[in-house]
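Architecture and fold: a report
What follows is each chain in one-letter form.
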Amino acid sequence: MGKPDISIGFAPGPLALDAAVLAEKLGYEKYWLYDSAAIWEDVWITMALVAERTDRMGLGTAVLVPNLRHVMTTASAILTIERMWPGRLTLGLGTGFTARRVLGQGAVPWAQMSLYVKQLKALLRGDLVEIDGKVCQMIHHPEMALARPLEVPIILSALGPKGQKITRDIADGLMMLGKGDGTWNEFVQMAHGTVLEDDESAYSERVIEAAGPWWVMSHHSSWEVSPERLEKVPGGDLYLEQLQADQGEDSHHLAVHEGHATHVNSRDRILIEAAGPNFDWNKSWVGDPAYIRNKIAEASESGTTEIIYNPAGPDPLREIEAFAKAAIV
């Protein structure tokens, strides 16, 4: 199999434009923007500004969540991006680990996801669509928007078998953290971690700040399923105690997601420090350039067609550049 495309995932915010310009200069293929209104700035406004500042890179959403935006609103945003920057957009959607959880809500059911995608495709075709019991249609005047039909690639984030089965039926590919199984035409693998400097410890303060935000996400996920799960991990009891002290019972979900995917917060530090100086980076890509290239080769052999590297920490521009030196040749 050929080498996967190397892309970037980034949170809409103050550094998003600088990161995009740098990523394009370094040869990244796509620039995927996260979407969670409670912790990041707006994905579509940021995407438009990124598109103005760049020329070549593809643009993607990683990922939009049904019911946070009316399907007609999403269709109109797609129409706008496609008119102004045709052929650059890939739409990523998911059921909402962060964007829903940070609101204290559960993930969107897959039946709702399926309906949303089908409605969205129908709107972009120009069809009449029943939405919330009423007939809807994109009725833009020909002078006010692109003509329909319009198609954009759709990638779904799906971890379990039910979601993946639905994804095969309604989408163009799959996005997830793990490796592929060789059965997908488009398999987008999300990766996170940091490239080590010469002779740098994998547990230095810089590395912990850069790779820690994604390392603790598994603990955030455990808390979402059942807070009692954290009682079984080192530092979990103290983490839960601090959570209780920092936020009221009805707003724990706010504290858990502070800095989610970008920065290590003080409670996350409890879990990192309790794990000890030699804790396992688990699924994080933390290693020297040769290690990173080996991980890319493994991903390619498993059927991955694109890798989204998700830099984090206080200096994401450094992470983008270091990863490019290791991964893009």
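Everything below is about the structure shown above.
This structure is a prediction, so every number in the text was calculated from the model and none was measured. (Residues numbered from 1 in each chain as written. Predicted model: local features only at pLDDT ≥ 70, side-chain atom pairs only at ≥ 80, totals over all residues. Heavy atoms only, no water.)

Now for unusual backbone geometry. Put simply, Ala-62 and Val-63 share a cis peptide bond, and its omega is 0°. Following the sequence through the fold, Val-63 ends up in the loop between strand E3 (58-61) and helix H3 (71-84). Looking along the chain, the bond that leaves Arg-148 and enters Pro-149 is cis, with omega of 10°. Along the chain, Pro-149 falls in the loop between strand E6 (134-136) and strand E7 (154-157). One non-glycine residue, Asp-132, lies in the positive phi region at around 55°. Topologically, Asp-132 is positioned in the loop between strand E5 (129-131) and E6. With relative accessibility at 70%, the residue Asp-132 sits in the exposed group. (Helix = DSSP H or I, 4+ residues; strand = E, 2+ residues; numbered from the N terminus. Buried < 20%, exposed > 50% of the residue type's maximum accessible area, 1.4 Å probe, protein only.)

This paragraph deals with the packing of helix H6 (residues 205-215) against helix H10 (residues 266-274). Running from N to C, H6 and H10 point in directions that differ by 110°, and their axes come no closer than 11 Å. Classified by the angle their axes make, H6 and H10 are roughly perpendicular. The segment H6 lies against H10, with Glu-205, Ile-208, Glu-209, Gly-212 and Trp-215 engaging Arg-269, Leu-271 and Ile-272. Across the contact of H6 with H10, the residue classes tally to four nonpolar, one polar and three charged. (Axes fitted to C-alpha atoms, helices over the stretch in contact; angles between N-to-C directions. Parallel < 35°, antiparallel > 145°, perpendicular 65-115°, else oblique. Contact = heavy atoms within 4.5 Å. Nonpolar A, V, L, I, M, F, W, Y, C, P; charged D, E, K, R; others polar.)

Pairing within the closed barrel is parallel, and its eight strands lie in the order E1-E2-E3-E4-E7-E8-E9-E12. Adjacent strand axes in the sheet meet at a mean angle of 25° when their direction is disregarded. Two strands pair when backbone bridges link them, and strand E1 (residues 5-10) and strand E12 (residues 306-309) are joined in this way by four bridges, in the parallel orientation. By the bridge assignment for E12, Ile-6 is matched with Ile-307. Together, E1 and strand E2 (30-33) form the strand contacts of helix H1 (residues 16-26), whose direction differs from that of E2 by roughly 160°. (Pairing = 2+ DSSP bridges.)

Further remarks concern the packing of aromatic side chains. By convention here, two paired aromatic rings are described through the distance between centres and the angle between planes. One pass over the full model with this rule turns up five aromatic pairs. Aromatic pair Tyr-34 and Trp-40: ring centres 5.1 Å apart, planes at 50°, arrangement tilted. Residue Tyr-34 shares its accessibility class with Trp-40, and that shared class is buried. Ring centres of Tyr-203 and Trp-281 lie 6.4 Å apart, and the angle between their planes is 5°; on these two criteria the pair is classed as stacked. On the criterion of sequence distance, the pair formed by Tyr-203 in the loop between strand E10 (193-195) and H6 and Trp-281 in the loop between H10 and strand E11 (285-287) is long-range, its members being 78 residues apart. (Phe/Tyr/Trp six-rings, centres within 6.5 Å; stacked < 30°, edge-to-face > 60°.)

In this section: the packing of helix H8 (residues 236-246) against H10. Taken N-terminus to C-terminus, the directions of H8 and H10 make an angle of 170°; their axes are 9 Å apart at the nearest point. Taken together, the axes of H8 and H10 are roughly antiparallel relative to one another. Together, Gly-236, Leu-238, Tyr-239, Gln-242, Leu-243 and Asp-246 of H8 and Arg-267, Asp-268, Ile-270 and Leu-271 of H10 make up the contact between the two elements. Partitioning the contact of H8 with H10 into residue classes produces five nonpolar, two polar and three charged.

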